[in-house]
Amino acid sequence: MNISIGNDHAGTDYKFKIVEYLKSKNIEVTNHGTNTDSSVDYPDFVHPVAKDVESQKSTYGILICGTANGVAMTANKYSSIRAGICWTNEIVSLIRQHNNANILCIPARFTEIEEVLEMIDTFLNTEFEGGRHQNRINKIQIC
Ligand code: RB5
C-alpha cells in the first residue's frame, strides 16, 4: 500500500505526525505537502496527490488543511476522486463503506491528533460495501 499525502501550512504539524505513524506501520508514503508553516496555496499541494490516486500510483490519499474544505473541493475536481471530509471516526467508516472514498480530508484546526491517527487506521481498514452504494457512486458523474 502506498499513501500519497498533501497539506498546506495549517496541516504541516499533523502531516509529520501522520507520516511517522504510517511509516511505523511499514506503509509507504509519498509526501507532496509543504514542510513549513509559511503560508501557501493549498491547491498546489492537492493536485499531485489527486494525480497519484487517479493514476493508481497510490492506493489512497490523505489531505490536511485548516477546515479540510479547500483540499476536498480541489481533489473532487478529478473524476475518479472521492474525497471526504472527516472529523470523527464514525464518519470515516461511512465514507469508506458508503462512498468508497479514496482520499481522506482532515481539518487540522478542528480535530485532535490522537483521534486523527485512529481515523487513519479506520480509513485504511474499512471496506466499501458496494451494492446500492455502487449505484449511487455511478450517478455522481455529471459529464
Ligand atoms: C489556511 O488559512 C486555510 O484557509 C486553509 O488551511 C483551509 O482551511 C482552506 O480551506
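Residues numbered from 1 in each chain as written. Predicted model: local features only at pLDDT ≥ 70, side-chain atom pairs only at ≥ 80, totals over all residues. Heavy atoms only, no water.

Peer 1: Is there a simple way to think about the pattern of salt bridges in this case?
Peer 2: When charged atoms on two side chains of opposite charge get close, those side chains can pair. In total, this model carries 2 salt bridges according to the counting rule given. Residue Lys-17 pairs with Asp-13 through a salt bridge whose shortest N-O separation is 3.2 Å. Taken together, the residues span about one helical turn, with Lys-17 and Asp-13 both in helix H1 (residues 12-24) at a distance of 4 residues. Look at Lys-17 and you get partly exposed, because its relative accessible area is 35%. The residue Lys-57 makes a salt bridge to Asp-52 at a minimum N-O spacing of 3.7 Å. Taking the relative accessible area as the measure of exposure, Lys-57 reaches 58% and is therefore exposed. Taking the relative accessible area as the measure of exposure, Asp-52 reaches 6% and is therefore buried. (Salt bridge = Lys/Arg side-chain N within 4 Å of Asp/Glu carboxyl O. Helix = DSSP H or I, 4+ residues; strand = E, 2+ residues; numbered from the N terminus. Buried < 20%, exposed > 50% of the residue type's maximum accessible area, 1.4 Å probe, protein only.)

Peer 1: Explain the packing of H1 against helix H5 (residues 113-125) to me, please; I cannot follow it from the model alone.
Peer 2: Between two packed helices, both the angle of their axes relative to each other and the distance between the axes serve to describe the pair. Interaxial distance between H1 and H5 falls to 11 Å at its minimum, and their mutual angle equals 50°. Relative to H5, H1 is oriented oblique. Relative to H5, H1 is oriented so that their crossing is right-handed. Residues Tyr-14, Lys-17, Ile-18, Tyr-21 and Leu-22 of H1 touch H5, and the partners they reach there are Ile-113, Val-116, Leu-117, Ile-120, Asp-121 and Leu-124. Its residues placed into classes, the contact of H1 with H5 shows 9 nonpolar, no polar and 2 charged. (Axes fitted to C-alpha atoms, helices over the stretch in contact; angles between N-to-C directions. Parallel < 35°, antiparallel > 145°, perpendicular 65-115°, else oblique. Left-handed = near helix turned anticlockwise from the far one by under 90°. Contact = heavy atoms within 4.5 Å. Nonpolar A, V, L, I, M, F, W, Y, C, P; charged D, E, K, R; others polar.)

Peer 1: Even after reading the chapter, I still don't get the site of the ligand, so can you show me in this structure?
Peer 2: Close to the ligand lie Asp-8, His-9, Ala-10, Tyr-42, Cys-65, Gly-66, Thr-67, Gly-70 and Arg-109, which account for all nearby residues. The contact in question runs from an oxygen atom of the ligand to an N or O atom on the backbone of Gly-66, over 2.8 Å. The contact in question runs from an oxygen atom of the ligand to an N or O atom on the side chain of Arg-109, over 3.2 Å. Isolated, the ligand exposes 290 Å² of accessible area, and the fraction of that covered by the protein chains is 72%. Taken together, the residues that form the shell around the ligand break down as 3 nonpolar, 4 polar and 2 charged. (Near = heavy atom within 4 Å. Polar contact = N/O pair within 3.5 Å; in protein donor to acceptor, adjacent residues only side chain to side chain. Areas by Shrake-Rupley, 256 points an atom, 1.4 Å probe, with all protein chains shown as cover.)

Peer 1: What exactly am I supposed to notice about the sheet that holds strand E5 (residues 103-107) here?
Peer 2: In a beta sheet, neighbouring strands are held together by backbone hydrogen bonds and run either parallel or antiparallel to one another. The strand order across the open sheet built from 5 strands is E2-E1-E3-E5-E4, with neighbouring strands paired in parallel fashion. Each of the sheet's edge strands pairs with one partner strand only, and the pair in question is strand E2 (28-31) and strand E4 (83-85). Each adjacent strand pair in this sheet contributes to an overall mean axis angle of 25°, direction not counted. Bridge count for strand E3 (residues 60-65) against E5 is 5 bridges, and the pairing is parallel. Paired with Ile-62 across the two strands is Leu-104, which belongs to E5. Across the sheet, H1 touches strand E1 (2-7), E2, E3 and E5, and the angle it forms with E1 is around 170°. (Pairing = 2+ DSSP bridges.)

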